[in-house]
Amino acid sequence: MNRICQNLRHPRYRILATTAPESLARFLAADAATGAAVDKATMDKLVRTNKVVVFMKGNPQAPRCGFSNAVVQIMRMHGVQYDAHDVLQNESLRQGVKDYTDWPTIPQVFIDGEFVGGCDILLQMHQSGDLIEELKKVGIVSELLKAEEAKQQDDKAK
């Protein structure tokens with residue numbers, strides 16, 4: 001386990017993770033009212049609406065499955081702004097994202113338009129520190145990294 005993940009156990013970082021503003025996620029319901037089929041071109045647009053896009057059950061304020069909730073919590077810990085699409089609002093979207101990625105489960109996470117994986121993969125990336133690096137590649141500085149750097153500055157000052 002890397003130092004950043006080990007530091008997550010410190011109470012100071014738990015407070016940071018639980019007090020992230022709810023407004024960090026934009027909730028979108030693609031074609032929810034029309035029920036129109038979600039084709040590849042539409043999916044291409046949806047996964048590029050933000051640097052990070054999550055297709056989940058429920059929304060960030062009220063996830064409707066444990067796996068979607070875990071993804072939301074990881075995003076909150078890192079302070080990531082992302083677009084969220086509730087697949088329970090539109091069966092065409094739910095099937096469309098599964099067909100688009102050839103991945104059978106929800107949630108599904110995209111970074112810079114590229115499919116990253118689901119809950120298990122995101123959790124592994126978070127634990128290994130790889131998520132911080134992937135976010136950095138698209139210009140997102142993780143709140144966990146900022147907190148670690150601030151701690152290092154405090155230690156040097158002492």
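Keep in mind that this is a model prediction, so the values were computed, not measured.

### A closer look at helix 7 (residues 130-137)
For helix 7, the full list of buried residues reads Leu 131, Ile 132 and Leu 135. Along the axis of helix 7, the buried residues cluster in a sector spanning 100°; they form a single face. Positive backbone phi, approximately 85°, marks Gly 139, located one or two places after helix 7.

### Overview of the pattern of salt bridges
A pair can form between side chains of opposite charge whenever their charged atoms are brought close. Counted according to the given criterion, the structure contains four salt bridges. Its salt-bridge partner being Asp 44, residue Lys 40 comes within 3.3 Å of it at the nearest N-O pair. Here Lys 40 pairs with Asp 44, and both are found in helix 3 (residues 40-46), just four residues apart, close to one helical turn. Note on Lys 40: relative accessible area 56%, which makes it exposed. What makes Asp 44 partly exposed here is its relative accessible area of 23%.

### Describing the pairing of strand 6 (residues 108-111)
Here strand 6 shows a buried face lined by Gln 108 and Phe 110 and a second buried face lined by Val 109 and Ile 111. Bridge analysis of strand 2 (residues 52-56) against strand 6 gives four bridges, and the strand direction is antiparallel. Paired with Val 54 across the two strands is Val 109, which belongs to strand 6. Pairing of strand 6 with strand 7 (residues 114-117) involves three bridges; the strand directions are antiparallel. Bridging across to strand 7, Ile 111 finds its partner in Glu 114. Linkage of strand 6 to strand 7, two consecutive antiparallel strands, is achieved through a turn of two residues, within which Asp 112 is found at a positive phi near 55°.

### A word on the packing of helix 4 (residues 66-78) against helix 6 (residues 119-128)
Between helix 4 and helix 6, the least distance of the axes is 9 Å, while the angle of their chain directions is 30°. The angle between helix 4 and helix 6 falls in the class roughly parallel. In this structure, helix 4 meets helix 6 at a crossing whose hand is left-handed. Note on element contacts: helix 6 touches helix 4 through Cys 119, Leu 122, Leu 123 and His 126, opposite Phe 67, Ala 70, Val 71, Ile 74, Met 75, Met 77 and His 78. Residues of the contact of helix 4 with helix 6, tallied by class, amount to nine nonpolar, two polar and no charged.

Reading the values: rules and limits
Residues numbered from 1 in each chain as written. Predicted model: local features only at pLDDT ≥ 70, side-chain atom pairs only at ≥ 80, totals over all residues. Heavy atoms only, no water. Buried < 20%, exposed > 50% of the residue type's maximum accessible area, 1.4 Å probe, protein only. Helix = DSSP H or I, 4+ residues; strand = E, 2+ residues; numbered from the N terminus. Arc of directions from axis to C-beta. Salt bridge = Lys/Arg side-chain N within 4 Å of Asp/Glu carboxyl O. Pairing = 2+ DSSP bridges. Axes fitted to C-alpha atoms, helices over the stretch in contact; angles between N-to-C directions. Parallel < 35°, antiparallel > 145°, perpendicular 65-115°, else oblique. Left-handed = near helix turned anticlockwise from the far one by under 90°. Contact = heavy atoms within 4.5 Å. Nonpolar A, V, L, I, M, F, W, Y, C, P; charged D, E, K, R; others polar.

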